[in-house]
Amino acid sequence: PLNRLSSTTRGLIVVNMRESQIGNYLHATEVGGDNTTLLLAPDGKVISYNDKSMLLTDGFELPFLREMLTQEANEGYTFHELDGKRMVYAWSRSDLSGWWNVSWGSMDELMTKSRDMQGNIILLTGAIILLGTVLAVFLATWLSRPLRQLVQTIRAKSDLGVVNKNELAFLD
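Residues numbered from 1 in each chain as written. Predicted model: local features only at pLDDT ≥ 70, side-chain atom pairs only at ≥ 80, totals over all residues. Heavy atoms only, no water.

Description of unusual backbone geometry
Quick note on the threshold: Here's how the labels work: a residue is buried when its accessible area is under 20% of the maximum for its type, exposed when over 50%, partly exposed in between, all with a 1.4 Å probe on protein chains only. Under the scheme used here, helices are H or I runs from DSSP no shorter than 4 residues and strands are E runs no shorter than 2 residues, and both carry numbers assigned from the N terminus.
In the Ramachandran plot, Leu 56 falls in the positive-phi region, its phi being about 60° despite a non-glycine side chain. A relative accessible area of 66% means that Leu 56 is categorised as exposed. At Asp 83, a position not held by glycine, the phi torsion is positive, near 55°. On the secondary structure map, Asp 83 appears in the loop between β3 (75-82) and β4 (85-93). When its relative accessible area of 75% is taken as the criterion, Asp 83 is described as exposed.

Digging into the packing of aromatic side chains
Definition in use: Each pair of aromatic rings taken from Phe, Tyr and Trp, with Trp reduced to its six-membered ring, is defined by centres within 6.5 Å and is described as stacked if the planes are under 30 degrees apart, edge-to-face if over 60, and tilted in the remaining cases.
Applying the stated criterion to the full structure yields three aromatic pairs. Ring plane angle 35° and centroid distance 6.1 Å describe the contact between Tyr 49 and Trp 104, whose orientation is recorded as tilted. You can see Tyr 49 sitting in the loop between β2 (46-48) and α2 (65-69) and its partner Trp 104 sitting in strand β5 (residues 100-106), a full 55 residues away along the chain. Accessibility assignment for this pair places Tyr 49 and Trp 104 in one class, buried. Judged by centre distance (5.8 Å) and plane angle (80°), the rings of Tyr 77 and Phe 79 are edge-to-face.

Examining the nonpolar core
Stated formally: Nonpolar cores are built from buried Ala, Val, Leu, Ile, Met, Phe, Trp, Tyr and Cys residues. Side-chain atoms within 4.5 Å join them into one set. Residue contacts are defined here by distance: any two heavy atoms, one from each residue, within 4.5 Å place the two residues in contact.
Counting residues in hydrophobic clusters, the biggest one holds 16 residues, and the most contacted among them are Leu 38, Val 102 and Trp 104. Looking at this core, the elements that each hand over two or more residues are β1 (36-40), α2, β4 and β5. Other than its neighbours up to four places away in sequence, Leu 38 contacts Val 46, Ser 48, Tyr 49, Leu 62, Leu 65, Trp 100, Asn 101, Val 102 and Trp 104. In terms of nonpolar packing, the next biggest core, distinct from the first, is built from five residues, Ile 22, Leu 39, Ala 41 and Ile 47 among them.

Spatial relationships are all this shows, so hold off on functional conclusions.
As structure tokens, this is what we get:
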């Protein structure tokens, strides 16, 4: 509705949009090929969907939608099995227009990147531990070399009576 303070005209402003524009906007955020996005009017009519034959039909007839959207929550998610696949359904309702934005996709496909990242993190952790161990052995050998050489030199030049003891016994 127009505000009386900004205009003397009374009425509504109507903006026409193609369903393809709405669909392109909604489907641009989808991750992967198995995810689906649906836009429903407050009465359940399909406004935008991948399957164009479903436009302006009752969207509550789709699997699990009536159960999800009749809950009191304006947004949420749930897990269901559809055609043998674990699916996650997420929905939110616009307070302004009352439209429902519903998305669903395969949990396996959504978790692929997480599993790949987990594998990479495990490999990286193993490599860091191995590198740290090699570096610690190298540093310990390098730092103790002067003291070992000193003890060998002292043993070679004099007999102090210290036998079968470590290098620090020479310092006493």
